[in-house]
Amino acid sequence: MPELPEVETVRRGLLPAMEGAVIERAELRRADLRWPFPPDMANRLTGARVLALRRRSKYLLADLDRGETLIVHLGMSGRMTVSGLAAPHVPGKFHFDHPALEKHDHVIFHLGNGARVTFNDPRRFGAMDLCTTATQDSHKLLAQIGPEPLGNGFDALYLAAQLAGKRTPIKAALLDQRIVAGLGNIYVCEALHRAGIHPARAAHRIGAARLERLVHEIRATLTEAIAAGGSSLRDYRQADGALGYFQHGFKVYGREGQPCQTDGCRGTVRRIVQSGRSSFYCPACQR
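This is a predicted model, so every value here is computed, not measured. (Residues numbered from 1 in each chain as written. Predicted model: local features only at pLDDT ≥ 70, side-chain atom pairs only at ≥ 80, totals over all residues. Heavy atoms only, no water.)

Chemist: I would appreciate a short explanation of the sheet that holds strand E2 (residues 50-56) in the present structure.
Modeler: In any sheet, the strands associate via hydrogen bonds between backbone groups, in a parallel or an antiparallel arrangement. Pairing within the open sheet is antiparallel, and its four strands lie in the order E2-E3-E4-E8. Since the sheet does not close on itself, it has two edges, and those belong to E2 and strand E8 (127-132), each with one partner. Ignoring strand direction, the axes of neighbouring strands in this sheet form an average angle of 20°. When E2 meets strand E3 (residues 59-64), the two strands line up antiparallel, connected through six bridges. Within E3, the position partnered with Arg 56 by the bridge is Tyr 59. Its contacts with the sheet put helix H1 (residues 4-18) on E2 and E3, and the angle it makes with E2 is roughly 170°. (Pairing = 2+ DSSP bridges. Helix = DSSP H or I, 4+ residues; strand = E, 2+ residues; numbered from the N terminus. Axes fitted to C-alpha atoms, helices over the stretch in contact; angles between N-to-C directions. Contact = heavy atoms within 4.5 Å.)

In structure tokens, the structure reads:
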């Protein structure tokens, strides 16, 4: 499932086409994705201008000039792509050369600038909803989400307070969206390896200095992944259809049985299962 870097990469790819554009027509080619679409969704979107395109955790948020916000979750196989090449020397203008629609193109936004944004989702685990912009923080999908890991609200003091008394493994704690937003299995494995922390270590047994390093490595891992366009393991694509390439820089994720890449370490990457998910780590340099 796409994690924070993948969703942020998609947001940045959609930004030139969507932000400031009018949705001339919203086309729904089925009645639902993971859940039914909100009532009258196509008409509520048609004619609306996108004031801002944001990300919250793993959700894309499009604020509309009608006082509503479109919430989009990519699910396991969803992707949003832009078609219509930018016209030469005319920023924000697009040609109309769009590819033919595919079987799993379920939602299409026809924009006033000539671009087309298509939501494709073969497994239909994605979701879309509309909510009032002013009250979006209380929406059921957003209400319990913790601070953004790249924002000012996430630091070692905050994390220490959240982990105090928690006997759950540190990996499980970091995957808890109520503690920190947007982290998933891949980037938690990578950040814990960089920080030298074993994924099964009890969350409350990590000292202040190690938490400082962990916060730093979480931020660094996410920043590098965004710069690399995210990680393409199965279905994920960027908004222009290109693959991400951060997976080529994995230090532990998916590298079971291979040598640890930490300088001077002679350990071998191992895999354990935690809460039904694979955790990859080096037993020599992660304690």
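Chemist: It is not clear to me how the sheet that holds strand E5 (residues 79-83) should be interpreted in this structure. Could you clarify?
Modeler: An order of E1-E6-E7-E5 is seen for the four strands of this open sheet, with the pairing classed as antiparallel. If you trace the sheet from one side to the other, it starts and ends with strand E1 (23-28) and E5, each paired once. Going across the sheet, the axis of each strand differs from the next one's by a mean of 15°, ignoring polarity. Sheet topology note: the E1/strand E6 (residues 105-111) ladder contains five bridges and is antiparallel. Bridge pairing in E6 places Ile 23 opposite Leu 111. The strands touched by H1 within the sheet are E5, E6 and strand E7 (116-120), with E5 carrying the most contacts at an inclination of about 35°.

Chemist: Any chance you could explain the environment of Asp 155 here in plain terms?
Modeler: As for its placement among the helices and strands, Asp 155 is situated in the loop between E8 and helix H3 (156-163). The class of Asp 155 is partly exposed, set by a relative accessible area of 32%. As for Asp 155 and Arg 219, which are separated by 64 residues in sequence, their C-alpha atoms are 10.0 Å apart. Looking at Asp 155, its side chain comes within polar contact range of the main-chain nitrogen of Leu 157, at 3.3 Å. At 2.8 Å, the side chain of Asp 155 and the backbone nitrogen of Tyr 158 are in polar contact. (Buried < 20%, exposed > 50% of the residue type's maximum accessible area, 1.4 Å probe, protein only. Polar contact = N/O pair within 3.5 Å; in protein donor to acceptor, adjacent residues only side chain to side chain.)

Chemist: How do you make sense of the pairing of E7 when you look at a structure like this?
Modeler: For a regular strand, the rule is simple: side chains alternate between the two faces of the sheet. For E7, a buried count of five out of five residues is recorded, marking the element as mostly surrounded by other parts of the structure. Both faces of E7 are covered, namely the face carrying Arg 116, Thr 118 and Asn 120 and the face carrying Val 117 and Phe 119. Taken together, the five bridges between E5 and E7 define a ladder with antiparallel strand orientation. In the strand pairing of E7, Ser 83 is matched with Arg 116. Pairing analysis gives five bridges linking E6 to E7, with the strands arranged antiparallel. Looking at E7, one finds that His 110 is bridged to Arg 116. Counted along the chain from E6 to the antiparallel partner E7, the turn is four residues long, and its residue Gly 114 has a positive phi close to 95°.

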